[in-house]
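# Per-entry structural report
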Amino acid sequence: MANPAYPMCIIADVTSSSSPDPHDLLVLLSVARTGRFTTAGSTLGLNHTTVARRIAALERDLGGRVLSRTIGGWELTELGGRALLAAEGVEAALGLLDAGGPGSRLSGVVRMSATDGFSAFIAAPAIARLQRTHPLLRVELITATRRALQHRSGLDIEVVVGTPSAHRAETIPLGHYTLGMFATRAYLDLHGEPRSLEELMTHPLVYFIDSMLQVDDLDAPRRLVPGMRDSLSSTNVFVHVEATRAGAGIGFLPCFMAERHDDLLRLLPELIEERLPYWMVVRPDSLAQPAVAAVVEALREQTTSMSAALLGGASATA
């Protein structure tokens, strides 16, 4: 546990004129974690103007700028980084007052992004289970299939497909999942069941929009079956599943999603099987927050518990 005297030592180190108001330091802490005045204000119950006024007061007390605007949001200056240490100390000292009582439960807002399938089948149940113990914990989940962001202000956690290249962030492997080719029996009765890669390439493909695909690891159909023509393309994997079930073509689908539907049959598993990794990217300052650390652990546990389903029937028995 942090020593209650610790934040005052740090405050003295960053102060150039008068000691800053601890409330202003806590506002800075929230802005540093969210990257935006509006989201920081929402977390603290303040409006945008009040947040700006608090930051301005802190800068007057410290004699310099604590934040600078970037494309991704507000980032800490060197002085702001030192002030952040003081703010974290204030937060830790306040936490000592609540230790062991109702306030020891996790609270606050954790902001994360993840792919559609991961969000629905891994993140959602993991977070719901965590919230049964910590009902004051809030999670904002953005669904997106993209590479890890280089400027991640406003996000505590990202879950991406493929090994990430991320600066100033912790990268954590979660596990693997498998994609395969699927179609309905009705579609195969009408168009014939492919028995080889050559026959497969005569069928239309249901998958991501090629020009909008941001993750190189998801480009397997262009490499494995380059002759397949696009049928119904979407940026959303749930659309891929439902379009395949509706007979729009053969879908290249995550097995853990497709195998939930009895009307979908996997095709040529011995020839078409793509195994990809899920990774978590977490800002170090976010990982230091108990609420974020708890969500990270919940996601890891849920991914591990679903490892067999994520690999799919053919992979799981291989």
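Since the structure is predicted, the reported quantities are computational estimates derived from the model, not experimental observations. (Residues numbered from 1 in each chain as written. Predicted model: local features only at pLDDT ≥ 70, side-chain atom pairs only at ≥ 80, totals over all residues. Heavy atoms only, no water.)

### Overview of unusual backbone geometry
- The backbone phi angle of Leu-268 is positive, close to 45°, even though this residue is not glycine.
- Overall, the relative accessible area of 9% leaves Leu-268 in the buried class. (Buried < 20%, exposed > 50% of the residue type's maximum accessible area, 1.4 Å probe, protein only.)

### Side note on the pairing of strand β2 (residues 73-76)
- Where strand β1 (residues 67-70) lies against β2, four bridges are found, and the strand directions are antiparallel. Bridge assignment links Thr-70 to a residue of β2, and that residue is Gly-73. (Pairing = 2+ DSSP bridges. Helix = DSSP H or I, 4+ residues; strand = E, 2+ residues; numbered from the N terminus.)

### Looking at empty space enclosed by the protein
- Inspection of the entire model under this criterion finds one cavity of 30 Å³ or more.
- Its boundaries defined by the atoms lining it, the largest cavity holds a volume of some 130 Å³.
- Within the lining of the largest cavity, the residues separate by chemical class into 11 nonpolar, three polar and one charged. (1 Å grid on protein atoms, 1.4 Å probe; cavity = no way out; pocket = protein on both sides within 12 Å on 5 of 7 lines; lining within 4 Å. Points joined across faces, edges and corners; volume = space filled by probe spheres on them. Nonpolar A, V, L, I, M, F, W, Y, C, P; charged D, E, K, R; others polar.)

### Remarks on the confidence of the model for the protein
- Looking at the protein, pLDDT values average 86 and 89% of them are 70 or higher.
- Between the elements of the protein, mean pLDDT differs from a low of 45, seen in helix α1 (residues 6-14), to a high of 98, seen in helix α10 (residues 237-245). (pLDDT = per-residue confidence, 0-100.)

### Some thoughts on the side chain of Asp-156
- Tracing the backbone through its elements, the reader meets Asp-156 in the loop between β4 (137-143) and β5 (157-161).
- Despite its burial, Asp-156 pairs with no opposite charge, the nearest such side chain being Arg-283 at 4.3 Å.
- Side-chain polar atoms of Asp-156 contact the side chain of Ser-286, separated by 2.8 Å.
- If we skip the residues at most four places from it in the chain, Asp-156 touches Arg-33, Val-109, Val-110, Arg-111, Val-281, Val-282, Arg-283, Ser-286, Gln-289 and Val-292. (Lys, Arg positive; Asp, Glu negative; His and termini not counted. Salt bridge = Lys/Arg side-chain N within 4 Å of Asp/Glu carboxyl O. Polar contact = N/O pair within 3.5 Å; in protein donor to acceptor, adjacent residues only side chain to side chain. Contact = heavy atoms within 4.5 Å.)

### Some words on the packing of helix α3 (residues 37-44) against helix α4 (residues 48-62)
- Two elements in contact, α3 and α4, have axes whose closest approach is 8 Å; the angle formed by their N-to-C orientations is 100°. As summarised for this structure, α3 and α4 are arranged roughly perpendicular, according to the angle between their axes. Taken together, the residues of α4 that come into contact with α3 (itself represented by Phe-37, Thr-38 and Gly-41) are His-48, Val-51, Ala-52 and Ile-55.
- Within the contact of α3 with α4, the residues separate by chemical class into four nonpolar, three polar and no charged. (Axes fitted to C-alpha atoms, helices over the stretch in contact; angles between N-to-C directions. Parallel < 35°, antiparallel > 145°, perpendicular 65-115°, else oblique.)

### Considering the side chain of Ser-30
- Within the fold, Ser-30 resides in helix α2 (residues 22-34).
- A relative accessible area of 8% places Ser-30 in the buried class.
- Not counting residues within four places of it along the chain, the set of residues in contact with Ser-30 comprises Ala-40, Thr-43 and Leu-44.

### Some details on the packing of aromatic side chains
- Under the definition given, this model contains eight aromatic pairs.
- A ring pair is formed by Tyr-177 and Phe-256, whose centres lie 6.1 Å apart and whose planes are at 85°; its orientation type is edge-to-face. Of this pair, Tyr-177 sits in strand β6 (residues 170-184) while Phe-256 sits in helix α11 (residues 255-258), and the two are 79 residues apart along the sequence.
- Using a relative accessible area of 4% as the deciding quantity, one classes Tyr-177 as buried.
- Classification of Phe-256 as buried rests on a relative accessible area of 4%. (Phe/Tyr/Trp six-rings, centres within 6.5 Å; stacked < 30°, edge-to-face > 60°.)

### A few points about the nonpolar core
- Counting 59 residues, the largest nonpolar core has Ile-157, Met-181 and Tyr-278 as its most contacted members.
- Setting aside chain neighbours within four positions, we find Ile-157 in contact with Val-110, Arg-111, Met-112, Ser-113, Met-280, Val-281, Val-282, Val-292, Val-295, Val-296 and Leu-299. (Core = buried A, V, L, I, M, F, W, Y, C linked by side-chain atoms within 4.5 Å.)

### Some details on the pattern of salt bridges
- For the coordinates displayed, the defined rule picks out 16 salt bridges.
- Among the ionic pairs, Arg-195 bridges to Glu-193, the shortest N-O distance being 3.7 Å.
- By relative accessible area, Arg-195 is classed as exposed at 59%.
- Among the residues examined, Glu-193 registers a relative accessible area of 28% and is labelled partly exposed.
- Taken together, the shared-partner salt bridges connect Arg-185, Asp-189, Glu-193 and Arg-195 into one network.

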